[in-house]
Structures are given as structure tokens and as C-alpha cells.
Amino acid sequence: MKPLRLAHTRRHIEVFRDTAGVPHVRGKSWLDAIYGLGYMHGTDRPTQMHFGRAVALGRAAERIADRPELVETDKFFRRIGLYLNVEKEVSQLDDHTFSQLTAYCEGVNDGFKAAGRTLPMWAVGFQPRPWNQEAVLLIGNLLAFGGLAVSQMENERLLVEMIHAGVSDEGMRDLFPDRLDDIDFDLIRQTKMSNKLSDQALELLTDLPRLAGSNAWAVAPSHSATGSALLASDPHLEINRLPAIWYEAVLQWDDNYVMGATLPGCPLYAVARTRDVSWGVTYMKGDTIDFFIEDVRRGEKEQWQYRPGKEWSDFDVRTESIERKGGTPVTLEVYHSDIGLLEADSEKIDEGYHLSMAWTGYQEGAGNAIKTWLDLVAADTALEAMDAVRSCPQPTLCFVVADREGHIGMQGCGRFPKRGGKHNGLAPVPAWEKSNHWRGLFDKDVLPRIYDPKCGFVATANEDISPPGGPLLVTQPIPNYRKLRIDQRLAELDQATLEDMQKLQYDLVSHQAKQLLPVFLPHMPDGELKDRLQAWDCTYAPDSVEAAIFQRLYVNVLMEVFGHEEGIGWRRTLYLVSRVGFSIMVVTAADRLLQREDSVWWRKRGKANLIRKAAEKTAAEPHGSAWSHINRFHFADRYFGTHQVGRMLGFVTPHYAMPGCFATPFQGHVQQTAGREITFAPSYHFVTDLATNEAHTNLPGGPSESRFSRYYKSDLPLWFDAEYKQLSLVE
């Protein structure tokens, strides 16, 4: 351990760095420790925090650079208004929570002083501002909406786009069974949509901590080799942009400690352990955001109106000025109805039908989410931790917990709307029909909860977790392939070890391939292609040629089923199922469809015929390349990587092979947009034995955001080699 010399500290703390650069903060009290966490965030990640706040405020073009994509994201976030209620939410925090945020922010600001202006700040002329409690809640809102709810919103927009593109009513209902039965397709086709965010703007959103998928599980003492509970967690995010999203830290005070992954800008531990409790988290993919259809017209005084029933009402109008560094400000008018936010741009609004959006995150009390994370650190048992997170208002998450006494559990959180009528939340419905309106929020008793299951383990991996016979919490479920593999391996392990947990986090077996090969193989012509796939173990290792063959076959099958004029269309299908515009919503629906015998999608041409034709096309293509030739990526700096100066200074790495695919526990998924690669993969690996005071971890990056620091990507060799470092306490 290397002690650090600290400057500008107002509390007495000691900070040490271990060989990986992870800071170990020691203070006399919890407030000292959380002050130290803020100090190290401000020292090691000031650019990440300042730029993130500017984006969340919708002031990136004003404070960072006047670029078109920043103006576009500013308009997006100013319309959404993440900043609107944070001052009020701070005023409603209890004294204990407020004091913790105050200590953290004092540490951040002292760390800012010690760090000074960074190279990215200097390059764009950015002027730092002090960190405060409002900034903490704003970063939390950015995580809840920009990182999570926005993916639900984009998928619901995609559904409308598919209807607009002419996909038949029958085909849509067959592709999304039981979800679109009562939807008025003709009304949706008449509804105007605002322009979709550009690829460049969407790439900026992927810089946010978007949980594209995650794994977390806990093993009871009865199934553990050490006779104590084990916990493993690996949240999946974009990983090829450095610095890494997460920041590891170990805090010690009195006889207590907490160690794990934190989010710079907030005093929260997303995946961590204390002396008595450990937790991991996955995204539930809960649907807390809905589109409605508003009937819009010009009023007698030229004001825009909407129809909440039979009468007409004026929109509430909020005017935003988008300042631009060195440019002319852009004025944005935002229209609010009684149930939502009008999606249309003010300069493009006209009479007719338009989409409006409602989100539970706008409702009072959203700021209490930070209290949940702080209360976790103080929990003494798994039950206490579960009760604490059960009240977390946003985002929708599944927490897996374990404690020193050997108890394990899983608890869901989030606020879900009670939808009226037959509205399930997936497709827009008329706002002028009162029966469609939200009727409050569900009680937290509907949230999924498991405690000490008889099977001896609990796991979650973004599977559909809606309670049987209960409310539809998840309207866009993703395949349970990773969950199936994790459950399979945990059931096979009578005496699980930490090494077993680590191997499972790097597991590359695809249950998608296991389920679809029996569908494909009977209809494939005999030959080398069929022989190779029959002998394949369904592992997406980088050197696997069969993985690459299966992936080409799979895409070709989907192109045969959907890529025609009476279907989704060739170009749109290729976009949705390839590396360019991969849609997990469409792929999930397609995989379920392929395992059915009857469908309108192959009524005229025959399912066997389509598969045979796809197999013949695949056989005619070159198939000697390994999976690593297809699934590969670069690391680039978050601030300089895509620019020429960044490449000259070594901010862009050579190609790396990405193991796995979206269906394997190690979710190694690569997309290619117009501007750059986007990856989704394990952003942090964490395993721990609750009988010890240690954790074993790695992440794709390091503590520092500076390209010139030895701790910029200090963990990368461990992450690639499936090796783990040990987090332990300072003696």
C-alpha cells in the first residue's frame, strides 16, 4: 500500500493506493470516509463528473463545445427536464441523508482543488463549478433516465416506426403476442413522430452508464465449499470507452468498511460488500415510461391545445434557451399536457396526432433513491438490505444480497404505474380517453422478492420478472439465455467455490444456440456446414469458427423470415438484426417466433423452406473466419479517442477480440454505428465469500481518467485474462 500526500483536505483522512491504484480511505467516522470517497472522485474523475453534469443539465453545447450533436442532446435533456425538481428533492431529504451528501460534496470540491483543470477541460475551455447536493441527485436522474428508461423509450418508438413502415397488423400481433391485441394500428399510423436522435447523439447517450444487461447471484452456505454465503455480480455496460464507468474504492471507519464499485458524482456503491452484507444489482427492465397519443390543434389565440376529453385545453409551455459556446442560442418550447410531455419539436408541431410521454421519475420523491444506496451500507443483514432497497423509487433494479449469517435473497425496486383500461404500456394509446390514464402507482408489495430459496441459490440476469398473475412490470422482456446458463451451472455445483463463481462470470456457452440449433438443423441440407454445427458445443470462444457460422446462419434465417416487402423490409431487418442497429426487442420476439410451428410469417412460404434457403446461402458464403474476426473492438478515450489528436497521442488501441455474445453469461456484444463501435460487456467483475473481509474483482480500465496515468487501464490485463485482484483492508 502506498500512502498518498493529500492537499486541501478539511477532514482528517488517510488514503493509500494498492498496486492496482485502488484508493483505500481510512477515517474516524462514516462521514470522514464518505468525505474521502468524494475527495478521490474529485481527484481521479473530475472530467467525468463535470461533463456528465453538463449533459444532464442540457448545457453541454454551452459549457463543453458548440457541436451539432451536443446541441441535439441538450435539446433532448432540456425537454426531458432532469434538472427541474432536484432543488425541491434536496429540500425534502432527511437530515441524516443530507449530512452524508454534504460531507461527500465537501470531499469532491476539495478533490477538485487538488486536481485542478484537466487536459480535456483545458482543451475545450471548460470552467469547473462546485459540486453540491443538487448535482448528486442530477447524476442519479441521469442514470435512471438517460442510462435506463431511455432504452425503453427508444424501443417503444421503434414499435411505432415498424407500424408506420407498413408491417401488417397481423404480423405485428404475431411477432408480439398478447401485447398488441387491443391497439389501434390505424390511429398510430396517423400519429406524427419527432425526428429520432441522430447516431452521433445516441452515441453520446451510450457514454452514460446504461445497463444493457447484468448478472448477479448468491449461493447459500449449504451449496458453498466454505460453508458460508457467496455472492457474484457483473453489471454489463459499454466498456470500450475509457476511463471506465465505475470507480473502485475501499472505505474504512471505526470497525466498519465498504468495498466495491462506485459511480463518480454520487456516494453510492452499486456492487459491494461490508463486514456483514454484500450486494449486486441488475437492471429489471421495468416499464416506467409510456407514450400516449395527443390530439393537437391551434386555439383561437394561436396557442397550441390538446384534447383531454371532449373539451380542449391549452398546453402548459416551458421555454428553454439552449446556449451555445460562441454561437447563437436556440430557443426551445416544451409542451406539457395533463399526463405527459409532448414529444414534438416546437418548430415542427402542427395540427393532428402527436406522441406525449409519461415517466414515473417525474413524480415526487424520486430523490430518495440516493437514501437507499446509503442505507445499504448501514444494513446488518440481508433482510435489512432487502427492506431498504424495496423502497428505492428509481431506477427499476433487482438487488441480489447475502450476509455473514448465510442468508441470501433478491429484491426488486422501482415505481410502476397502474395503467388504465387494457393499456399494457408497450404501444401508445389515446390520451383523450380517461380510461387509459395512469391511476397512481403500484404498492411495493408487487415487487419480486426471494429470501433463502430451497434450491440454495438465487440468480437474476434481466429475465422477465413480472409476477405470475400480477401486474406486467416488464413489457419488453429479453431472452433468459444467460439466466438459464447461470441456473444450470449453479444447480450442478454442490460445493461452489470462488473459482467456480469466477469461471461462471467468464462462461461463453449460448443457450440461444442450444435452443435454435434443434430448430435449424432438421431443415439444413447435408454437408460440412450442418456437420460442424451438429458437433459444436455452443461456445462463443474467440477462436470458434462455428460461432461465426451460426451467427451468419441466424441472420440469414431472420432475413428470409422478415426481410421482404410484406414483412419488415430488407434494409430495416438487416439494420435491426446486425451489428449496426441490433434491437434486443426484435431479436427476442424473433427467437420466440422461430420456436413455434405455426406463424403468419411463414404461412405462404413454409418455415422449413425459409431455413433451408438461409442455410444454402450461408453455405455459399466464406466460413473459415473465427468469431474473433467478427466480434472485435477498440478501446478509445472518452474525450479524445475519436479525434485525430487522440489517435496521434495513443488514445485508440489496436483491435481486441471480444469473447461471448449477447446470449452468454460473459455478454460480449459489439455494435458498429456510423461513427464508432459500441460494446456491451461485463463492466465490473465482483465475487466475495461472506466469511472473509475480502472481495475479488477486475474491470476494463482503472481508477484514473488520465491517459498518462499508470492507473488509466491498470486492470485491463486481468479483465482479458479472467484473473482477479484481491480487495482487502488496510491494517
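Predicted, not measured: the structure shown is a model, and the values here were computed from it.

Next up on the list: the environment of valine 389. By secondary structure assignment, the location of valine 389 is in helix 13 (residues 382-390). On the accessibility criterion, valine 389 (0% relative accessible area) is buried. Sequence spacing of valine 389 and isoleucine 64 is 325 residues, and the spatial spacing of their C-alpha atoms is 36 Å. Not counting the four nearest positions on each side in its chain, valine 389 is found in contact with Thr372, Leu376, Phe399, Gln411 and Cys413.

This next bit is on unusual backbone geometry. Note that the residue after leucine 242, namely proline 243, is joined by a cis bond; omega there is 5°. Here proline 243 is to be found in the loop between strand 7 (241-242) and strand 8 (247-253). Not every positive phi belongs to a glycine, and aspartate 178 is a case in point at roughly 65°. Within the secondary structure layout, aspartate 178 lies in the loop between helix 9 (169-175) and helix 10 (185-190). Phi at aspartate 452 takes a positive value of approximately 45°, unusual for a residue other than glycine. As for its position among the elements, aspartate 452 is in the loop between strand 22 (449-451) and strand 23 (457-460). Its relative accessible area of 31% is what places aspartate 452 among the partly exposed residues.

Here arginine 638 is to be found in the loop between strand 25 (636-637) and helix 23 (644-648). As a C-alpha pair, arginine 638 and arginine 241 span 397 residues in sequence and 5.2 Å in three-dimensional space. A polar side-chain atom of arginine 638 sits 2.7 Å from the main-chain carbonyl oxygen of arginine 241. Separated by 2.8 Å, the side chain of arginine 638 and the backbone oxygen of proline 243 make a polar contact.

Along the chain, histidine 236 falls in strand 6 (residues 230-237). In this structure histidine 236 comes out as buried when scored by relative accessible area, which is 0%. At 3.5 Å, the side chain of histidine 236 and the side chain of asparagine 215 are in polar contact.

Okay, the sheet that holds strand 9 (residues 256-262) next. An order of 1-2-3-8-9-10-11-19-20-22 is seen for the 10 strands of this open sheet, with the pairing classed as mixed. With partners counted over all chains shown, the strands left at the sheet margins are strand 1 (2-3) and strand 22, one partner each. Judged from the 3 bridges that link them, strand 20 (residues 408-413) and strand 22 form a sheet pairing that is antiparallel. Bridge assignment links glycine 409 to a residue of strand 22, and that residue is tyrosine 451. Contacting strand 2 (13-17), strand 3 (23-27), strand 8, strand 9 and strand 10 (269-274), helix 1 (residues 30-44) runs over the sheet at an angle of about 155° to strand 8. Across the sheet, helix 13 lies against strand 11 (277-283), strand 19 (397-403), strand 20 and strand 22, angled at about 175° from strand 22, the strand it touches most.

This next bit is on helix 21 (residues 607-620). Here helix 21 contains 14 residues, and its C-alpha end-to-end distance of 20 Å stays within 8% of the 20 Å for a straight helix at 1.5 Å per residue. Of the positions making up helix 21, those classed as buried are Lys607, Leu610, Ile611, Ala614, Ala615 and Thr618. Each buried residue of helix 21 sits inside an arc of 130° when the element is viewed along its axis, so together they form one side. Buried positions along helix 21 lie against helix 16 (511-520), helix 17 (528-535), helix 18 (545-562) and helix 20 (584-594).

Now for the packing of aromatic side chains. Taken as a whole and judged by the stated rule, the model has 31 aromatic pairs. Between phenylalanine 76 and phenylalanine 77, the ring centres sit 5.1 Å apart and the planes meet at 80°, which makes this aromatic pair edge-to-face. For the pair shown, phenylalanine 76 and phenylalanine 77 are each scored as buried. Measuring from ring centre to ring centre gives 5.0 Å for tyrosine 540 and tryptophan 627, while their planes differ by 85°; the resulting arrangement is edge-to-face. On the criterion of sequence distance, the pair formed by tyrosine 540 in the loop between helix 17 and helix 18 and tryptophan 627 in helix 22 (residues 627-630) is long-range, its members being 87 residues apart. Through a chain of ring-to-ring contacts, three or more aromatic side chains come together here, namely Tyr506, Phe633, Phe635, Tyr656, Phe666, Trp719, Phe720 and Tyr724. Above the face of the tryptophan 432 ring, arginine 307 is positioned so that its terminal group lies 4.8 Å from the ring centre.

Two elements in contact, helix 1 and helix 6 (residues 95-115), have axes whose closest approach is 6 Å; the angle formed by their N-to-C orientations is 35°. Seen from above, helix 1 lies across helix 6 with right-handed handedness. Here Trp30, Leu31, Ile34, Tyr35, Leu37, Gly38, Tyr39, His41, Gly42 and Thr43 of helix 1 lie close against helix 6, whose contacting residues are Ser99, Gln100, Ala103, Tyr104, Glu106, Gly107, Val108, Asp110, Gly111, Phe112, Ala114 and Ala115. When the residues that make up the contact of helix 1 with helix 6 are grouped by side-chain class, the tally is 12 nonpolar, 8 polar and 2 charged.

It is worth spelling out empty space enclosed by the protein at this point. Under the definition given, this model contains 5 cavities of 30 Å³ or more. Considered as a void within the structure, the largest cavity measures approximately 140 Å³ in volume. Leu137, Gly140, Asn141, Ala369 and Ile370 are, among the 15 residues lining the largest cavity, the residues nearest its centre. Of all the elements in the fold, those that place two or more residues in the lining of the largest cavity are helix 8 (133-164) and helix 12 (369-378). Tallying contributions element by element places helix 8 first for the lining of the largest cavity, with 6 residues.

Considering the arrangement of structural elements, one finds serine 628 in helix 22. With residues up to four places along the chain from it excluded, the contact list for serine 628 reads Pro542 and Ala657.

By the criterion of burial, strand 29 (residues 685-689) is predominantly enclosed, with 5 of the 5 residues buried. Both faces of strand 29 are covered, namely the face carrying His685, Val687 and Asp689 and the face carrying Phe686 and Thr688. Note that strand 6 and strand 29 share 4 bridges and pair antiparallel. Residue pairing for strand 29: serine 233 is matched across the bridge by phenylalanine 686. Both strand 29 and strand 30 (residues 695-698) contribute to a ladder of 3 bridges, which runs antiparallel. In the strand pairing of strand 30, valine 687 is matched with histidine 696. Joining the antiparallel neighbours strand 29 and strand 30 is a turn of 5 residues.

What follows concerns the confidence of the model for the protein. On average, the protein scores 93 in pLDDT, and the residues at 70 or more come to 95%. Counting contacts from residues 644-650, a segment whose pLDDT is below 50, to residues more than four positions away or on other chains yields 10 contacts.

With that settled, the discussion passes to the state of the cysteines. A full pass over the atoms with the stated rule returns 0 disulfides. Considering cysteine sulfurs only, cysteine 398 is the nearest to cysteine 455, which forms no disulfide, with 16 Å between them. Of all cysteine sulfurs, the one in cysteine 538 lies closest to cysteine 661, which takes part in no disulfide; the gap is 10 Å. A relative accessible area of 5% places cysteine 661 in the buried class.

It is worth spelling out the pattern of salt bridges at this point. Inspection of every chain in the model, using the stated rule, returns 37 salt bridges. Here glutamate 320 ties to arginine 318 by a salt bridge, and the two come within 2.6 Å at their closest N and O atoms. Like arginine 318, glutamate 320 is buried.

The rules we used
Residue positions within a chain follow its written sequence, with the count starting from 1. The model is predicted, so local features are restricted to residues of pLDDT at least 70 and side-chain atom pairs to those at 80 or more, both for listing and for counting; the totals for chains, interfaces and linings are taken over all residues. The side-chain quantities take in all heavy atoms of the structure and omit both hydrogens and water. We count a stretch as a helix when DSSP gives it H or I for four or more residues in a row; a strand needs E for two or more, and each element gets its number in order from the N terminus. The cut-offs for exposure are 20% and 50% of the maximum accessible area for each residue type, with area from a 1.4 Å probe on protein chains only; residues under the lower value are buried, those over the upper are exposed, and the others partly exposed. When checking whether two residues touch, look at their non-hydrogen atoms; a contact exists if any pair is within 4.5 Å. Any pair of N or O atoms that falls within 3.5 Å is considered a polar contact. Within protein, one atom must be able to donate a hydrogen and the other to accept it, and sequence-neighbouring residues count only if both atoms are side-chain atoms. Should DSSP find at least two bridges between two strands, the strands are regarded as paired. Helix axes are fitted only over the stretch in contact, all axes being lines through C-alpha atoms; the angle between N-to-C directions runs from 0 to 180 degrees. By this rule the span expected of a helix is its residue count minus one, scaled by 1.5 Å. Here the arc refers to the directions that run from the helix axis out to each C-beta atom. The pairing test for Phe, Tyr and Trp rings, Trp by its six-membered ring, is centres within 6.5 Å, and the orientation test on the planes gives stacked under 30 degrees, edge-to-face over 60, and tilted for anything in between. Charge over a ring is defined by NZ of Lys or CZ of Arg lying within 6 Å of the ring centre and within 35 degrees of the ring normal. Throughout, a crossing is termed right-handed when the near helix is turned clockwise from the far one, and left-handed when it is turned anticlockwise from it by less than a right angle. Three classes are used, and their members are as follows: Ala, Val, Leu, Ile, Met, Phe, Trp, Tyr, Cys and Pro are nonpolar, Asp, Glu, Lys and Arg are charged, and the others, Gly among them, are polar. In the cavity and pocket records, a cavity denotes points on a 1 Å grid over the protein atoms alone where a 1.4 Å probe fits but cannot get out, a pocket denotes an open set with protein on both sides within 12 Å along at least 5 of 7 lines, and lining residues are residues with an atom within 4 Å of a point. Grid points are joined across faces, edges and corners, and a volume is the space filled by probe spheres set on the points. Looking at any residue, its pLDDT shows the predictor's confidence there, from 0 to 100. Disulfides are defined as pairs of cysteine sulfur atoms found within 2.5 Å of each other. The term salt bridge refers to a pairing of a side-chain nitrogen on Lys or Arg with a carboxyl oxygen on Asp or Glu at a separation within 4 Å.

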